[in-house]
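# Coordinates in review
The lines below spell out each chain.
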Amino acid sequence: MTFRVMLRMEIEPGKEADFERAWSSGTDAVTGHPANLGQSLSRSTGEESTYYIVSDWLDEARFREFEDSPAHLEHRSTLHPFRRSGSFHTMELVTHLDGKAAGRAR
């Protein structure tokens, strides 16, 4: 069962572009881990300076292993200066259904 992590980050106003660049430059720290299935960065349309980072993992145990890894700790430290506040949520993906346009979107 896929283990999903969602991080909600409120970024210091005016630092959004720098945050996006820092996040993009460190994505290999996450996607390069053998247990990572992928990740995404989304900007809220209803909350100013707020982002959601979602990553999917083979299982919780391997995510927790990654969480303590030097690569993750380093990447997290590059994002921390931009963060005003946030929250961290974990979940198990119960069902995923592709919509009709899934193969055409992006």
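To start, this report covers the structure provided alongside it.

Scoring rules and cut-offs
Per-chain numbering applies: the sequence of each chain, read as written, is numbered from 1 onward. Reporting in this predicted model follows two pLDDT cut-offs: at least 70 for local features of residues, and 80 or more for side-chain atom pairs to be given and counted; totals over whole chains, interfaces and linings ignore these cut-offs and use all residues. To get the side-chain values, all heavy atoms of the structure are used, and hydrogens and water are removed first. For the exposure calls, accessible area comes from a 1.4 Å probe over protein chains only, and a residue counts as buried if that area is under 20% of its type's maximum, exposed if over 50%, partly exposed in between. Helix numbering and strand numbering both begin at the N terminus, where a helix is a DSSP run of H or I of at least 4 residues and a strand a DSSP run of E of at least 2. Any two strands with at least two DSSP bridges between them are considered paired. Two rings belonging to Phe, Tyr or Trp (six-membered ring only in the last case) form a pair when the distance between their centres is within 6.5 Å. Interplanar angles under 30 degrees mark stacking, angles over 60 mark edge-to-face geometry, and anything in between is tilted. Nonpolar core, defined: a set of buried Ala, Val, Leu, Ile, Met, Phe, Trp, Tyr and Cys residues in which side-chain atoms within 4.5 Å join the residues together. Only heavy atoms matter for contacts: two residues are in contact if any of them lie within 4.5 Å across the pair.

With that settled, the discussion passes to the pairing of strand β3 (residues 50–57). Consecutive side chains along a regular strand alternate between the two faces of the sheet. Among the eight residues in β3, seven count as buried, and that is most of the element. As defined by bridge partners, strand β1 (residues 3–11) adjoins β3 across eight bridges and the pair is classed as antiparallel. Paired with methionine 6 across the strands is valine 54, a residue of β3. Looking at chain direction, strand β2 (residues 36–43) and β3 are connected through seven bridges and run antiparallel. Bridge pairing in β3 places serine 40 opposite valine 54. In this antiparallel pair of consecutive strands, β2 and β3, the connection spans six residues, and serine 49 shows a positive phi of 60°.

Here we come to the packing of aromatic side chains. What the rule picks out here adds up to seven aromatic pairs. Among the aromatic residues, ring-to-ring pairing joins Phe3, Trp57, Phe63, Phe66 and Phe88 into one connected group.

With that settled, consider the nonpolar core. Counting 10 residues, the largest nonpolar core consists of Leu7, Met9, Ile11, Phe19, Ala22, Trp23, Tyr51, Ile53, Leu79 and Phe82. Of all the elements in the fold, those that place two or more residues in this core are β1, α1 (16–25) and β3. Discounting residues that sit within four places of it in the chain, phenylalanine 82 has contacts with Glu10, Ile11, Glu12, Lys15, Asp18, Phe19 and Ala22. Counting seven residues, the second-largest nonpolar core is a separate cluster that includes Phe3, Trp57, Phe63 and Phe66.

Scope: geometric values only; no functional claims are made or implied.
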